[in-house]
Every structure is written in structure tokens, then in C-alpha cells.
Amino acid sequence: MRVLLLGGTAEGRALAKTLHPDVDVISSLAGRVPDPALPVGEVRIGGFGGVDGLKSWLREHDIDAVVDATHPFAATMTAHAAQACKELRINHLVLARPPWDHGAATVVTSDSEAAKAVAAQRYERIFLTTGRSGTSAFVGSDAWFLIRAVTEPDVHALPRNHQLLLSRGPYDYDSEIAIMREHRIDALVTKNSGGDMTKAKLDAAVALDIPVVMVDRPPLPKDVHKADTVEQAADWVARQA
Ligand code: NAP
């Protein structure tokens, strides 16, 4: 049996490690970040060319099952994989870590809604952690932003007043507290990514009484099989053999 594992996440790497070498797994990365953390086993890098490109690739590589372990906000890849697998009748699973509890956060459905919430509340010093692609919604804002991302956003996608912090998680509670204090942050903007690697910022915001604006996850495609954990996904793969 051959499995395509759509990755780019810690869960994708953990699942590859669990399955390798007993299962023939090819992990796939988008190729967005330089020097990505590589999963064990075979890896391919780069887009497939939409649904049609993915269907051709799945056929050419004799894939029997697809596990989509992409980030919960990688909605395009997830939609393409669901559609391609449905059309080719290939078994398909989405591995998605559980979302964070919203707590007292202001929940919004997009980056532009988050920008509106920031403006409405007149926040002035914002810790913006929605990633490289999440900054453009804030371009028109007069507030100051501490922008944390893995890779540098496009210069035209940056708000006037900002400082860039290029880094990759995991982050711990003490350093998140220190960052928010040092920069006198008065609001945190985050996606509901879920997982432990970047959760400390939420705990730090609660401890410092800093309001949170949280972008909710895009919905999953209809009728997909879903696993919350790497263990559940590994069990599912074992049942496909
Ligand atoms: P996206 O918007 O859903 O996907 C855009 C296009 O990128 C897809 O149509 C596909 O191109 C290609 N692609 C995405 N993931 C791929 C993969 N694992 N293997 C091969 N091609 C892939 O994705 P995104 O939000 O830009 O995320 C890109 C990658 O970064 C994903 O692997 C994701 O797991 C990881 N990541 C994303 C986030 C986030 O917040 N979005 C955070 C951490 C990690 P084609 O149409 O050409 O096939």
C-alpha cells in the first residue's frame, strides 16, 4: 500500500515517523519555507497543479490512501485533496489537531474581520501572529504591530507601523510573557491553529489580561473522515491495508 501524506505540520512529521518504514509513505510539502523541517522517509516538494494535477500525480504514483495532515488553515490544499480523492475513489483522511478553546476571545472568520475588530476596539499595540499571509488585512491600520512569522511577508502587505519578528515555534509561556511585556502589547491577534507548539501566547495573554482576537478555522469539506491525533491517523492507515 502507498500513502500520500500531505504535511507541513508537526503532526505530518510525527505520522511519517510512526508509519515509516512499515508503510510506503510519500510526504508532500508545499515548499513555502526555506530549509523546512523534513519528515523521515520519501519527501516530495511543491504544488501538484490544482485538482487535476493532483489527480494525475495520484494515478502516476499508484497511491492507495491519502492522509491530509496540512495545517488547519491550508484550506485550498484540503479542498483539492478531498475532491481528487472523491473523484478517484481513493481512501482519504484529514488529520486535524483539535482547535483551542476560544475562551473570552473575540472570534472572527477572516483576517479582514480581525482587522475590523482591532480598529473597532481601538487597540494600539498588537501582537499579530496570523502568519505571513495574514498581514495584508492590516495594511490600512494606524496601530503598531509586532508581526511574528516564519518567513518575511511581502513589503506591500505590511502595515505602516510595525516590527518584524521572524521565528519558528515552539514558544514557551515565559518568553511569550516577556515579549508581550517588552512591547507593551494591548491585543493579541491569532488564528485558531490548535496544538501545543504555539498555545503559550494564549495563556500569556490571559495572564496579562490582554484581549485576544481569534480567527476561526475554515470549515472542512463535507463528509470527510477526520482524525484528531497522530495515533488515530496511524490506526486508520493500518485499517486501509
Ligand atoms: P493552501 O493555501 O491550502 O494551498 C495553496 C496551494 O499550495 C495548494 O493549492 C497546493 O498547490 C500547494 N500546497 C499546499 N500544501 C501543500 C502540500 N502539503 N504539498 C504540496 N502542495 C501543497 O496552503 P497554505 O495555507 O499556503 O499552506 C502551505 C503549506 O504550509 C501546507 O503544507 C501547510 O500544512 C503548511 N502550513 C500552513 C500554515 C497556515 O497557516 N496556512 C501554517 C503552518 C504550516 P497546487 O494547487 O499547485 O497543488
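This structure is a prediction, so every number in the text was calculated from the model and none was measured.

### Concerning helix 1 (residues 10-19)
Link 1 in the chain: Listing the buried residues of helix 1 in full gives Glu 11, Gly 12, Leu 15, Ala 16 and Leu 19. For helix 1, the angular spread of buried residues about the axis comes to 135°, placing them on one side.

### Comments concerning the environment of Lys 17
Link 1 in the chain: Inspection of the secondary structure puts Lys 17 in helix 1.
Link 2 in the chain: Looking at Lys 17, the relative accessible area reads 62%, which means it is exposed.
Link 3 in the chain: In this structure the C-alpha to C-alpha distance between Lys 17 and Gly 41, which are 24 residues apart in sequence, comes to 7.9 Å.

### Some points on the pattern of salt bridges
Link 1 in the chain: One pass over the full model with this rule turns up nine salt bridges.
Link 2 in the chain: A salt bridge links Lys 199 to Asp 203; the shortest N-O distance between them is 3.0 Å.
Link 3 in the chain: A relative accessible area of 34% places Asp 203 in the partly exposed class.
Link 4 in the chain: Counted as one network, the salt bridges with shared partners bring together Arg 2, Asp 24 and Glu 42.

### Concerning the site of the ligand
Link 1 in the chain: Close contacts around the ligand come from 22 residues, with Ser 28, Phe 48, Gly 49, Met 77 and Lys 191 the closest.
Link 2 in the chain: Within the side chain of Arg 32, one N or O atom sits 2.9 Å away from an oxygen atom of the ligand.
Link 3 in the chain: A total of 800 Å² of accessible area belongs to the ligand in isolation, and the protein chains cover 76% of it.
Link 4 in the chain: Of all the secondary-structure elements, those providing two or more residues to the shell around the ligand are strand 2 (24-29) and helix 3 (75-88).
Link 5 in the chain: Among the elements that line the shell around the ligand, the one with the most residues is helix 3, at four residues.

### Quick look at empty space enclosed by the protein
Link 1 in the chain: Per the stated rule, a full pass over the model turns up one cavity of 30 Å³ or more.
Link 2 in the chain: Volume-wise, the largest cavity comes out at about 40 Å³.
Link 3 in the chain: Along its surface, the largest cavity is lined by Thr 9, Glu 11, Ala 69, Thr 70, Pro 72, Leu 95, Ala 96 and Arg 97.
Link 4 in the chain: Considered class by class, the residues forming the lining of the largest cavity number four nonpolar, two polar and two charged.

### Observations regarding the packing of helix 1 against helix 7 (residues 230-240)
Link 1 in the chain: Where helix 1 contacts helix 7, the two axes come as close as 10 Å, and the packing angle between them is 45°. Our classification of the angle between helix 1 and helix 7 gives oblique. With respect to the hand of their crossing, helix 1 and helix 7 are arranged in right-handed fashion. Together, Glu 11, Ala 14, Leu 15, Thr 18 and Leu 19 of helix 1 and Val 230, Ala 233, Ala 234 and Val 237 of helix 7 make up the contact between the two elements.
Link 2 in the chain: Looking at side-chain class alone, the contact of helix 1 with helix 7 contains seven nonpolar, one polar and one charged residues.

Cut-offs applied
- Every chain begins its residue count from 1, and numbering advances along the sequence as written.
- Side-chain atom pairs in this predicted model are given and counted only at pLDDT of 80 or more, local residue features only at pLDDT of at least 70, and totals for whole chains, interfaces and linings cover all residues.
- Think of the side-chain values as coming from all heavy atoms in the structure, minus any hydrogens and water.
- The classification of residues rests on relative accessible area computed with a 1.4 Å probe and restricted to protein chains. Under 20% of the type maximum is buried, over 50% is exposed, and intermediate values are partly exposed.
- Each helix is a run of DSSP H or I of at least 4 residues and each strand a run of E of at least 2, with the numbering of both proceeding from the N terminus.
- Relevant arc is that of directions from the helix axis to the C-beta atoms, nothing else.
- When a carboxyl oxygen of Asp or Glu is within 4 Å of a side-chain nitrogen of Lys or Arg, the pair counts as a salt bridge.
- Residues are counted as near a molecule or strand when any one of their heavy atoms sits within 4 Å of it.
- Identification of polar contacts relies on pairs of N or O atoms within 3.5 Å, with a donor-acceptor requirement for protein atoms, meaning one able to donate a hydrogen and the other able to accept it, and with residues adjacent in sequence counted only if both atoms are side-chain atoms.
- Areas reported here follow the Shrake-Rupley algorithm with a probe of radius 1.4 Å; residue values treat only the protein chains shown as occluding.
- Whether a set of points on the 1 Å grid over the protein atoms alone is a cavity depends on a 1.4 Å probe fitting there but being unable to get out, while an open set qualifies as a pocket with protein on both sides within 12 Å along at least five of seven lines; lining residues are those with an atom within 4 Å of a point.
- Grid points are joined across faces, edges and corners, and a volume is the space filled by probe spheres set on the points.
- Gly counts as polar in this scheme, as do all residues outside two lists: the nonpolar Ala, Val, Leu, Ile, Met, Phe, Trp, Tyr, Cys and Pro, and the charged Asp, Glu, Lys and Arg.
- The convention used is that axes are lines fitted to C-alpha atoms, helices contributing only their stretch in contact, and that angles between N-to-C directions extend from 0 to 180 degrees.
- With respect to orientation, any angle under 35 degrees is reported as roughly parallel, any angle over 145 as roughly antiparallel, any angle of 65 to 115 as roughly perpendicular, and every other angle as oblique.
- Put simply, a crossing is left-handed when the front helix is turned counterclockwise from the back one by less than a right angle, and right-handed when it is turned clockwise.
- By the convention used here, residues are in contact when the closest approach between their heavy atoms is within 4.5 Å.

From the geometry alone we can't say anything about function, so treat these as descriptive.
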